[in-house]
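The primary structure of each chain is shown beneath.
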Amino acid sequence: MAGTMDRRRFLQASAAAVGFAQINPDFLVSSAFAQSGKPLVFLSAENITGNWDPTAHTTLSQKNIEGFVMGFLTRTPMTLDDPGKVVYELATDIRLLDPHRLQIKLRKGVQFHDGKPFGPEDVKATFEYGAGKDRPAQWYPGPTETLTITTPDDETVIVDTSKGGYPAHLFIFLASFLPILSAKDVAEGPGGALTRRLNGTGPFRFVEQRGNDTVLKAHDGYFRGKPGIPGINFTFTGDSTTRMLSLMNGQASIVERLEPEQVETVKNNPKIAINEVVSVENKYLWFRCSKPPFNDVRVRMAACHSIDRAMLLEILGAAGHASANFISPVKFGYVDLKNYPAYDPAKAQALLAEAGFPKGKGLPPLEYITSVGFYPKTKEYGEVITAMLNEQGFPVSLTVLEPAAWNERLYHRPGGGPGHMVDCGWSTASPEPDLVLRTHFHSSSHRITGIEDAQIDASLDKERAAPTLEERKAILQNETMPLLAAKMPALSLFTSVMIHAMQQELKGLYIYPDGSIDASKTA
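First, a word on what this report is: a plain description of the structure on this page. The shown structure was predicted, so the numbers you read here are calculated from the model rather than taken from an experiment.

Notes on helix 18 (residues 469–487)
Here's step 1: Spanning 19 residues, helix 18 covers 25 Å between terminal C-alpha atoms, matching the ideal 27 Å at 1.5 Å per step.
Here's step 2: Of all the bends in helix 18, the largest measures some 45° and sits at L476.
Here's step 3: Every buried residue of helix 18 is listed here: L469, R472, I475, L476, T480, M481, L484, A485 and K487.
Here's step 4: Directly after helix 18, the chain includes M488, whose backbone phi takes a positive value near 45°.

Shown next, in the form of structure tokens:
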């Protein structure tokens, strides 16, 4: 049996790790669906990148696939009432030895899908490789040269952050988020085996990619027993109507990202079950902060005061939850920020005038980029945001793209990236706030906004270096987050509510805040 850990121990970080749970082995092995012998067909709203290296992307659809295939040190449901509950997986114990040393004890008798035995060398290789400055995902708290990772025996890993000067407890949050790679695969480096396929310790093994279909098969050697489900077909289906029709006619087992009106359509269908949960994902209006006019904080703030977010929630219905922070309520350190900009046209006009654009005069044509088919109601609320901005003098035009084209235009690049504003969510399956804050707002990243701000950098460095989680929480809530609200490199429009629909026989599959699947509560 896997160990569990309560919220108090999590906050104390005495022997804790947090993250997310996708698939409970009990469901895969012994549920009624598993016994039926049918493959599970999951229709995804997002395309994949074609590069399977987990450190090379931030694509949610691939993170979900990794949850079926890869192994993690720990997993957790990340529920609102108990975000710190943990289930050990590849780890059997994680504890701080001192402020700069974290000890991880590992499970024995586990094998990768290619037959390699799992051991401490794999954790060491994963951490060192993933922390490389050249890795696009940049999930780690410091680069490889700031870490000293030792493996004193065949079941122990020691992570030492002394060289980096930051506390080792930062890895507590990441232990459930980072998939463990095979040291053999890591040795081939970028472009090697990691790029071509997934090789994990999870209940399903990667077989092949057939166009938009990712084909997974049950792993005979899974350490908790071979899954009863013979396989999973994970298919990109960009149109929400097609996803729903496929579910209703029995072609799909489960679909994600339902539109609110689709929920009403299927709610009374006895063959379909609905799951709704406040997610780890906030939806943002990201400003291109590295080029005019949004390199001026006054223009960014004016745009924020021009948008009535309550109207967006009316459009979203069940798919949205009010937000007054840059992170979701299931993230560590969340608090409603008192200085988060509210709808105030008078303030918007005053800021535009102060910035030299009275009533918007002199502003260049502005492009607002969004997607359709992935997130619910993006076109509808995008049109409302566009109208509200134009009403205050922002000459905004809306560009609506299908997911693959939108993904291609999403990220920062030299010159500031396409367009001036981009709609995008950010879902990271861990309570770790820096997976949002540092990833997007520290000048070392440039992820979407491209912002470079010395004050923000200093505050993010300060909260990261806090010696305890409680001290870090205080800095986040009283300094870092209010500072970001005064700078507004992005506007959090709302927190997404993840809505999935599934065949009734899958009703035991609970969907947790990152959109991954956890069946731990099923019989």
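On we go from here.
Let's talk about unusual backbone geometry
Here's step 1: Omega for the peptide link from P292 to P293 comes to 0°, which places this bond in the cis form.
Here's step 2: Note that P293 resides in the loop between strand 13 (272–287) and helix 11 (297–305).
Here's step 3: Positive phi, close to 60°, is recorded for R257, a residue that is not glycine.
Here's step 4: You can see R257 is positioned in the loop between strand 12 (254–255) and helix 10 (260–266).
Here's step 5: Positive phi, close to 60°, is recorded for K377, a residue that is not glycine.

Structural notes on the nonpolar core
Here's step 1: By size, the foremost hydrophobic cluster in this structure holds 112 residues, and its most contacted members are L73, I104, F127, F394 and L437.
Here's step 2: Looking at which domains feed residues into this core, each of domain 1 (71–182) and domain 2 (277–495) supplies at least three.
Here's step 3: Contact partners of L73, with chain neighbours within four places excluded, come to Y88, E89, L90, A91, I104, L106, V123, F127, A175 and I180.
Here's step 4: Counting residues in hydrophobic clusters, the runner-up holds 27 residues, among them I65, L216, A218 and I254.

Observations concerning helix 13 (residues 345–354)
Here's step 1: Among the residues of helix 13, those classed as buried are A348, L351 and L352. Burial along helix 13 is one-sided: seen end-on, the buried residues are contained in an arc of 100°. Opposite the packed face of helix 13, turned more than 90 degrees from it, sit the exposed residues A346 and E354.
Here's step 2: Where helix 13 is buried, its residues touch helix 11.
Here's step 3: Positive phi shows up at G356, right after helix 13, with a value of about 95°.

Some thoughts on the sheet that holds strand 6 (residues 101–106)
Here's step 1: The four strands are arranged 5-6-8-7 in an open sheet whose pairing can be described as antiparallel. In the strand order of this sheet, the two ends are held by strand 5 (91–98) and strand 7 (148–153), each with one partner. Averaged over all pairs of adjacent strands, the angle between their axes in this sheet comes to 20°, without regard to strand direction.
Here's step 2: Pairing analysis gives four bridges linking strand 7 to strand 8 (residues 156–160), with the strands arranged antiparallel. Bridge pairing links T150 to I158 in strand 8.

What about the environment of C289?
Here's step 1: Tracing the backbone shows C289 in the loop between strand 13 and helix 11.
Here's step 2: Along the chain, C289 and H420 lie 131 residues apart, while their C-alpha atoms are 8.4 Å from each other.
Here's step 3: When residues no more than four places from it in sequence are discounted, the contact partners of C289 are F294, N295, R300, T449, I451 and P489.

Comments concerning the pattern of salt bridges
Here's step 1: Tallied over the full model, the rule gives 30 salt bridges.
Here's step 2: We note a salt bridge from R135 to D134, for which the minimum N-O separation is 3.7 Å.
Here's step 3: Three or more residues are tied together by salt bridges with common partners; here these are E432, D434, E463 and R472.

Here we look at the side chain of D122
Here's step 1: Positionally, D122 belongs in helix 5 (residues 120–130).
Here's step 2: With a relative accessible area of 0%, D122 lands in the buried category.
Here's step 3: Engagement of the side chain of D122 in a polar contact is seen with the side chain of K116, the distance being 2.9 Å.

Some remarks on the packing of aromatic side chains
Here's step 1: If you walk through the whole model with that rule in mind, you get 18 aromatic pairs.
Here's step 2: Ring geometry for F326 and Y340: centres 5.3 Å apart, planes at 70°, overall edge-to-face. With a gap of 14 residues between them, F326 in the loop between strand 14 (320–321) and helix 13 and Y340 in the loop between strand 14 and helix 13 connect regions that are remote in the sequence.
Here's step 3: By relative accessible area, which is 0% here, F326 ends up buried.
Here's step 4: The exposure class assigned to Y340 is buried, which follows from its relative accessible area of 7%.

Regarding the pairing of strand 6
Here's step 1: As paired elements, strand 5 and strand 6 share six bridges and run antiparallel to each other. Among the inter-strand pairings, D93 is bridged to a residue of strand 6, identified as K105.
Here's step 2: Linking strand 5 back to strand 6 in an antiparallel pair, the connection comprises two residues.
Here's step 3: Where strand 6 meets strand 8, five bridges bridge the pair, whose relative direction is antiparallel. In the strand pairing of strand 8, I104 is matched with V157.

Regarding the packing of helix 11 against helix 18
Here's step 1: Running from N to C, helix 11 and helix 18 cross one another at 90°; their axes reach a closest spacing of 8 Å. Comparing the axis directions of helix 11 and helix 18 gives the class roughly perpendicular. Taken together, the residues of helix 18 that come into contact with helix 11 (itself represented by V297, R300 and M301) are A485, A486 and K487.
Here's step 2: Grouping the amino acids of the contact of helix 11 with helix 18 by side-chain chemistry returns four nonpolar, no polar and two charged.

Side note on the side chain of T214
Here's step 1: Mapped onto the elements of the fold, T214 is located in strand 10 (residues 213–218).
Here's step 2: Residue classification places T214 among the buried residues on the basis of a relative accessible area of 1%.
Here's step 3: Within the local environment of T214, its side chain forms a polar contact with the side chain of Q209, the two groups lying 2.7 Å apart.
Here's step 4: In this structure, T214 is in contact with I48, W52, I65, F206, E208, Q209, I232, N233 and F234, ignoring residues within four places of it in sequence.

Some points on empty space enclosed by the protein
Here's step 1: Under the criterion given, the structure shown has four cavities of 30 Å³ or more.
Here's step 2: There is about 220 Å³ of room inside the largest cavity.
Here's step 3: If you trace the largest cavity, you find 22 residues lining it, with T58, T59, L60, W426 and S427 closest to the centre.
Here's step 4: If you list the elements that add at least two residues to the lining of the largest cavity, you get helix 4 (60–69), helix 15 (403–408) and strand 17 (421–426).
Here's step 5: Broken down by element, the residue count for the lining of the largest cavity peaks at three residues, all from strand 17.
Here's step 6: Among the residues making up the lining of the largest cavity, the classes are represented as 12 nonpolar, six polar and four charged.
Here's step 7: Lining the second largest cavity, in full, are R257, E281, K283, L316, A319, Y375, P376, F494, S496, V497, M498 and I499.
Here's step 8: When residues of the lining of the second largest cavity are traced back to their parent elements, those giving at least two are strand 13 and strand 18 (490–503).
Here's step 9: In terms of residue count, strand 18 provides more of the lining of the second largest cavity than any other element does, five residues in total.
Here's step 10: Its residues assigned to classes, the lining of the second largest cavity comprises eight nonpolar, one polar and three charged.

What counts, and where the lines are drawn
Residues numbered from 1 in each chain as written. Predicted model: local features only at pLDDT ≥ 70, side-chain atom pairs only at ≥ 80, totals over all residues. Heavy atoms only, no water. Helix = DSSP H or I, 4+ residues; strand = E, 2+ residues; numbered from the N terminus. Expected span 1.5 Å × (residues − 1). Bend = angle between axes of the 7 residues up to and from the residue. Buried < 20%, exposed > 50% of the residue type's maximum accessible area, 1.4 Å probe, protein only. Core = buried A, V, L, I, M, F, W, Y, C linked by side-chain atoms within 4.5 Å. Domains from an automatic or database assignment. Contact = heavy atoms within 4.5 Å. Arc of directions from axis to C-beta. Pairing = 2+ DSSP bridges. Axes fitted to C-alpha atoms, helices over the stretch in contact; angles between N-to-C directions. Salt bridge = Lys/Arg side-chain N within 4 Å of Asp/Glu carboxyl O. Polar contact = N/O pair within 3.5 Å; in protein donor to acceptor, adjacent residues only side chain to side chain. Phe/Tyr/Trp six-rings, centres within 6.5 Å; stacked < 30°, edge-to-face > 60°. Parallel < 35°, antiparallel > 145°, perpendicular 65-115°, else oblique. Nonpolar A, V, L, I, M, F, W, Y, C, P; charged D, E, K, R; others polar. 1 Å grid on protein atoms, 1.4 Å probe; cavity = no way out; pocket = protein on both sides within 12 Å on 5 of 7 lines; lining within 4 Å. Points joined across faces, edges and corners; volume = space filled by probe spheres on them.

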